[in-house]
Amino acid sequence: MKKTPFFANKAKNSIDESPLNKAFYPLIQRKPIKKKGKGLHMTAVTSENLDPTTNSQVSHEEMANCIRALVMDAVQKANSGHPGMPMGFADVATVLFTKFLNFDPNNPDWPNRDRFVLSVGHGSMLLYSLLYLTGYPDMTMDQIKDFRQLHSRTAGHPEFGEAPGIETTTGPLGQGIGNAVGMALAERAMNARFGDTVYNHYTYCVVGDGCLMEGISHEAVSMAGHLQLSKLIVLFDDNHITIDGPTDLSVSDDQCKRFEASGWHVQQVDGHNPEEIAAAIKAAQKSDKPSMIACRTIIGYGAPTKQGTSGVHGAPLGEEEIAAAREQLGWTAPPFEIPQDYLAVWRQSAQRGQEAFAAWQQELQNLPADKKQELDRLIQQKLPEGWKDKMQALIDQWVEEKPKLATRASSGKVLDVLTQAVPELVGGSADLTGSNNTKAKDAQAVKSDNLSGNYMYYGVREHGMAAAMNGVALYGGLIPFGGTFFVFTDYCRPAIRLSALMKQRVVYVMTHDSIGLGEDGPTHQPVEHLAAMRAMPNINIFRPADAVEVAECWMLAVEQKETPSMLCLTRQGVPALRTEKSSENKCAKGAYILKACEGVPKATLLATGSEVHLALEAQTKLAEDGIPVNVVSMPCWELFEQQDADYKNSVLGEKTLRVAIEAGLEFGWDRYLGQSGHFIGMESFGASAPANQLYEYFGITTDNIVKTVKDNL
């Protein structure tokens, strides 16, 4: 029976039925030239054209169909997944991996490799198929068969750390392009430090319609365009389909004009034409701007009745449709089998990267000894020798001077020292530099004509900032930190969550951490945010009480290789509390007895941040009335939870009345207060007034602490 071209099938809602797709018909129309086996084949592009390392006559389509076959089989076996995107984008991915991308499966963490970010994380089988086909040792056929199964490397969405070649965790749409901007920024920063022979590569990012609808993409695209990150190439899977149906149900943006307006180099190609794809990537590589290539594709390409529809987006094709697709594609191999001649050509595609890696190793030998030593240190995430001594000197100075500073101000003074002692620290702020105190006195701004700086003006882009910092951390060699108001963790929480999930050393500097910010009122006063952030796994939430604790918390933050940190800092000044010299980092245990009473304590006052000094004042008043109490500073619950039971009990006071004081909601404090403890803090949103009036109004006062203790003993 005569086969019709894929673009011309008459299935309901298929590619030629949608008015939107009809408009793109000239772009995607193809001319079949011959049959091979049982299926219709399009223009044969030999792997000789795709990769000069082989003279095989395996066609481009046959190589792309390797991806489609693995995707169909894996999703069907799992009875779960998203086959449409990988099947539709297989042609673009084949061109990219076989002709352009520099990678080495045997040295997957090679610093000068090209980065490949799949922002459309639901299309994970595209990445897993590519890793298997190109020969990454950990991505075996058994892993492909175990797609979406417990303890497999092939999770439903790509997860960083599960397998080499997965550069970042994606799935929440838009996060990947934010990460890619950070990676491209880091590439230029490392290039400035070590030169073209060590760092000089591209970052490729695949986005979909959903990624570009998400608000974070606007922040990321604007940022990259402003900085002219010319080593960033975004490949847009322009298939005009989302889960609900055709994209014209919900969006009518001209994405190409949007990118152009942000200063990008933009091209449009037929995403099923390998020659057009290759020519566009070559042109993008030559541009002095970041590039976006809109690749018009057919989602689920090859599935005769489902391609071009939302029905192929997020569900298995079904046995009947897979059988029909195999016939249409001319694919006769059994499930989970790739013909050896096809696989051999795919494996040869890694040769280009292997040769580049060998050349890079040779160039590395020509680096001056000090540069090579520094590069080794950064790659291994080792902090410089002597950095702690410089921080200890600052702490000793503050113990003597006893400064009354807002903790955001003391954080700024810490950064003046720390960024010099640890030069891989790269900072920034979301348009609140003067408020967050994140710019060290010697910091140099990152600009489009000078990407070698160590301070980013992120603009009012909290979400984009956080995602970019994840990209910088993932890239390796740098430690990113960035600031905004604590209340705006709401804007960047998805990226913060991914920092924690990916175990990345990112430092979030969140100032104006309570009602203590005063007159800006409840829109800007975080009351639930401490509880919300503490609920997140694998992130250390620091709320230091004075300048010395700020310094200690910063030291802990930069030492954490697999845990992000958040410093919650005050707008208002707080008195010096740590007034005795010590070489011990007392914040390292998360909580400690700041001041013990004389005799046996009857109560324990637990406090964080700006409320610790209130607890100390209450201790003095209670002592005058013959009531001995201990005062505990708890700058980091997460570190305290890592201590043994004996230590925790000794700090909390097993047989004492416990009273907690914190200018936030009570949620979470029950673990330390037990059934008989009491909490002094917030029970509602804040209000607009000077800070001292707000503390009085909401009852967070020394007198209320004293009364609470006396009333409950």
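Attention here is on the structure that accompanies the text. Just so you know, these numbers come straight off a predicted model, no measurement behind them.

## Some remarks on the nonpolar core
Alright, step 1. In this structure, I144, L235, I338 and M566 are the most contacted members of the largest nonpolar core, which totals 146 residues.
Alright, step 2. In terms of residue count, helix α4 (residues 60-78) provides more of this core than any other element does, 11 residues in total.
Alright, step 3. Setting aside residues up to four positions removed in sequence, I144 forms contacts with L70, A74, M125, Y128, S129, Y132, M139, T154 and F336.
Alright, step 4. The next biggest cluster of nonpolar side chains, apart from the first, holds 82 residues, and it includes A443, A551, I680 and A689.

## Some remarks on the pattern of salt bridges
Alright, step 1. Under the criterion given, the structure shown has 17 salt bridges.
Alright, step 2. In this structure, E641 engages K648 in a salt bridge whose closest nitrogen and oxygen atoms are separated by 3.5 Å.
Alright, step 3. Since its relative accessible area comes to 18%, K648 is described here as buried.
Alright, step 4. Taken together, the salt bridges that share partners define one network made up of E374, R377 and E424.

## Some details on the sheet that holds strand β20 (residues 629-633)
Alright, step 1. Pairing is mixed across the open sheet formed by 5 strands, whose spatial order is β18-β20-β19-β21-β22. Looking at strand neighbours, the two that pair on one side only are β18 (592-595) and β22 (678-682), the edges of this open sheet. For this sheet the average axis-to-axis angle between neighbouring strands, irrespective of direction, equals 30°.
Alright, step 2. In this sheet, β20 lies alongside β18 in antiparallel orientation, the contact comprising 3 bridges.

## Quick notes on the packing of aromatic side chains
Alright, step 1. Applying the stated criterion to the full structure yields 22 aromatic pairs.
Alright, step 2. Each ring, one from F97 and one from F116, has its centre 5.0 Å from the other, and the planes form 80°; the classification is edge-to-face. Of this pair, F97 sits in helix α5 (residues 84-100) while F116 sits in strand β3 (residues 115-118); the two residues are 19 residues apart in sequence, bridging distant segments of the chain.
Alright, step 3. On the basis of relative accessible area, F116 is assigned to the buried category, the value being 5%.
Alright, step 4. With 5.6 Å between their ring centres and 85° between their planes, F481 and W554 make a pair best called edge-to-face. Of this pair, F481 sits in strand β13 (residues 479-485) while W554 sits in helix α23 (residues 547-559), and the two are 73 residues apart along the sequence.
Alright, step 5. Note on F481: relative accessible area 2%, which makes it buried.
Alright, step 6. Judged by relative accessible area, W554 falls into the buried class, the value being 0%.
Alright, step 7. One aromatic cluster in this structure is built from W637, F640, Y647, W669, Y672 and F679.

## Concerning unusual backbone geometry
Alright, step 1. Even without glycine at this site, Q228 takes up a positive phi of about 55°.
Alright, step 2. Residue position: Q228 is located in the loop between α10 (215-227) and β5 (232-238).
Alright, step 3. Positive phi outside glycine occurs at N437, with the angle close to 55°.
Alright, step 4. Looking at the secondary structure, you find N437 in the loop between α19 (433-436) and β12 (455-457).
Alright, step 5. Judged by its relative accessible area of 25%, N437 falls in the partly exposed class.

Scoring rules and cut-offs
Position numbers for residues start from 1 in each chain and track the written sequence from start to end. It should be noted that, the model being predicted, local features are given only for residues of pLDDT at least 70 and side-chain atom pairs only at 80 or more, the latter also being counted only at that level, while totals for whole chains, interfaces and linings use all residues. Only hydrogens and water are set aside; all other atoms, that is, all heavy atoms of the structure, feed into the side-chain values. Residues belong to one nonpolar core when they are buried, are Ala, Val, Leu, Ile, Met, Phe, Trp, Tyr or Cys, and are joined through side-chain atoms within 4.5 Å. Burial classification: accessible surface area is computed with a 1.4 Å probe over protein chains only, and a residue below 20% of its type maximum counts as buried, one above 50% as exposed, and the rest as partly exposed. Elements are defined by DSSP. Helices are runs of H or I of four residues or more, strands are runs of E of two residues or more, and each kind is numbered from the N terminus. The contact rule is simple, with two residues in contact once any of their heavy atoms fall within 4.5 Å. What makes a salt bridge here is a side-chain nitrogen of Lys or Arg within 4 Å of a carboxyl oxygen of Asp or Glu, nothing more. A pair of strands is labelled paired if DSSP reports no fewer than 2 bridges between them. For every element, the axis is a line fit to its C-alpha atoms; helices are fit only across the contacting stretch, and the angle between N-to-C directions ranges from 0 to 180 degrees. In this analysis, rings of Phe, Tyr and Trp, with Trp reduced to its six-membered ring, are considered paired at centre separations within 6.5 Å, and the interplanar angle assigns stacked below 30 degrees, edge-to-face beyond 60, and tilted for intermediate values.

Take it as geometry only, folks, not as evidence of what the structure does.
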